[in-house]
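Here is how the chains run, residue by residue.
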Amino acid sequence: MRRVNRTLVLSLLIVSSSVFLLFQLHYYRKYVSKPGPHILSRTGHLTASDVQWQTVKKFVALAQHFRLPLFLADTAALTLLSQDALLQRDRLVREPHCSFLCSGRPITSFALHANLWKYDPGFLLAAEQKGFEFLELRGEDPRLASLDTLSGEDIPLHFLLRLHGYIIQVVFLYERSGNYLWHGALRLKANMDRSFAPFKLLDYGRHAGSYDRPELVLTVLDGLDVRIPRNVSRFLSEQRHARFLECRYRDARNFLQLYPDDSSPDAVDFRQKVKSLLHLAARTLAHLDIPFWLSSGTCLGWFRQCSIISYSRDVDIGIFIVDFRPDIVAAFRDAGLSLKHKFGKVEDSLELSFLSDNVKLDIFFFYEDGDVIWNGGTQAKSGKKFKYIFPRFSLCWAELLELKVRVPCETLDYVMANYGASWSVPVRSWDWKSSPSNVQENGVWPPAEWEELIQVY
């Protein structure tokens, strides 16, 4: 009996060893024998990084097969591409390792240049055959929306692919008329699975976003060929401030039905001059690396009627005083604009005004003060100072006259602060010293300083 038990035990050990050996051979052939990172833990099991890398690897292979114009847009992975991170990992890691694509997050994000890819449903079928679960998010194409149609056709905005609990997000970037790239917000419809992905962790989709077209380079990350932005730091900075506000076409059309726009030759000519001036100002300030936003009547025109106010006769922009540079006047003069006036000083109520083809460009500098932000005004003949108070605001991107520009994200609050509750009703007679809802007197400049602080040309 004892001999039988020993034989049985020996047989079980042989069978168990054989099964374990076959298990090791299977995983060696499937994971280790292939190029790229293939770390197995000391217990012989795949680590979470291995599973995530295999998921990304399968997706990248599919994307290459269907020639998807992709680049890596994952903020965690791109952050790890900094030089300091590379040096640190070189010191710590002595063997092939999933260093960048396995960021510890259950999501890896890619961006797709939609205008360079013809939508191929075969890609989705192939993804499903590889084991991916798939969710497609679509939305209206804002490029086809206008004051006439109010809507465009549905276009893909985001792909979400899930495998082994890991998510691949594909963000569709579309070219807009202002020579920039745009992606839409990710919005789930009522019948969609809200547990499909950890949506709060997604890098993209909480809001629509806009980007300058990045220059891409092909590189090898963790054994995989992927494209990345050449200037990673700039792309990451753009991503943090990419929120985009679409023009309110429906409200604008309703406004223009009540108050038809001026179509006279003078008004058409003025709009063309404003477009040229705004583009010129944007180029000049971009060269100086000074951010600006649409302010006052120019902001009101964008928000209320998706255009400019033809009877305003000027262009208004805002700049935070912390972004002021002493060479700004010379830069605009070099661009062909003449200085019309300079009021105030950097420490208090600075304001610049330039002239181009009989259209004025007013630059208001804004100062932060506790929970408010304000800009100043000066009456040249009396030296009186004025202050315009706004609630604190952040900046978003928008489009006006085929130009990507910034506007206050809290646009309604900004406009109401300046124009009051009746902002939607046109006012042709406007006194900058008394008409704004947020204006208050702010003292008088000392006469001895007028020569320096009140300069009119």
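Anything mentioned here points back to the structure above.
Here is what the cut-offs are and how they apply
- Residues numbered from 1 in each chain as written.
- Predicted model: local features only at pLDDT ≥ 70, side-chain atom pairs only at ≥ 80, totals over all residues.
- Heavy atoms only, no water.
- Helix = DSSP H or I, 4+ residues; strand = E, 2+ residues; numbered from the N terminus.
- Contact = heavy atoms within 4.5 Å.
- Areas by Shrake-Rupley, 256 points an atom, 1.4 Å probe, with all protein chains shown as cover.
- Buried < 20%, exposed > 50% of the residue type's maximum accessible area, 1.4 Å probe, protein only.
- Salt bridge = Lys/Arg side-chain N within 4 Å of Asp/Glu carboxyl O.
- Arc of directions from axis to C-beta.
- Pairing = 2+ DSSP bridges.
- Disulfide = S-S within 2.5 Å.

Draft legend 1. Seen up close, the overall build of the protein chain. In terms of helices and strands, the protein chain carries 12 helices and 20 strands. Within the protein chain, residue pairs in contact and separated by at least 24 positions form 66% of the contacts whose partners lie at least 6 positions apart. Working note: accessible area of the protein chain is about 23,900 Å², and carbon and sulfur atoms make up 52% of it.

Draft legend 2. Just the side chain of arginine 176, in detail. For arginine 176, the location among the structural elements is in strand S5 (residues 166-176). On the accessibility criterion, arginine 176 (8% relative accessible area) is buried. For arginine 176, the contacting residues outside a window of four places in its chain are Pro142, Arg143, Trp182, Phe244, Glu246 and Glu399.

Draft legend 3. Seen up close, the environment of serine 295. Relative to the assigned elements, serine 295 resides in the loop between strand S10 (293-294) and helix H9 (296-305). Judged by relative accessible area, serine 295 falls into the buried class, the value being 1%. Remark: the alpha-carbon pair of serine 295 and proline 408, spanning 113 residues in sequence, is separated by 8.4 Å. If we ignore the near neighbours within four places in the chain, the residues touching serine 295 are Asp316, Ile317, Gly318, Phe366 and Tyr414.

Draft legend 4. Quick peek at the pattern of salt bridges. For the coordinates displayed, the defined rule picks out 22 salt bridges. A salt bridge links aspartate 141 to arginine 143; the shortest N-O distance between them is 2.8 Å. In this structure, the salt-bridge partner of glutamate 215 is arginine 230, at a minimum N-O distance of 3.0 Å. In this pair, glutamate 215 sits in the loop between strand S7 (209-211) and strand S8 (216-221) while arginine 230 sits in the loop between strand S9 (224-229) and helix H6 (232-240), placing the two residues 15 residues apart along the sequence. For the pair formed by glutamate 215 and arginine 230, the shared burial category is exposed.

Draft legend 5. Structural context of H6. Considered for burial, the residues of H6 that qualify are Val232, Phe235, Leu236, Glu238 and Gln239. The buried residues of H6 occupy an angular sector of 160° when projected down its axis, which confines them to one face. Along H6, exposed side chains directed more than 90 degrees from the buried face belong to Ser233 and Arg240. Buried residues along H6 sit against strand S1 (70-72), helix H3 (75-79), S7, S9 and strand S18 (403-408).

Draft legend 6. Quick look at the pairing of strand S15 (residues 372-378). In terms of burial, S15 is largely enclosed, as six of its seven residues are buried. Following strand S14 (residues 359-369), the chain reverses through two residues before pairing antiparallel with S15; glycine 370 in that reversal takes a positive phi of roughly 65°. Pairing geometry for S15 and strand S16 (residues 384-391), over seven bridges, is antiparallel. Bridging across to S16, tryptophan 374 finds its partner in isoleucine 389.

Draft legend 7. Representation of the state of the cysteines within the structure. Enumeration over the complete set of coordinates arrives at two disulfides. Disulfide pairing places cysteine 247 opposite cysteine 306 at an S-S distance of 1.6 Å. Of the two residues, cysteine 247 sits in the loop between H6 and helix H7 (249-258) while cysteine 306 sits in the loop between H9 and strand S11 (314-320), which places them 59 residues apart along the sequence. The exposure class of cysteine 306 is buried, given its relative accessible area of 18%.

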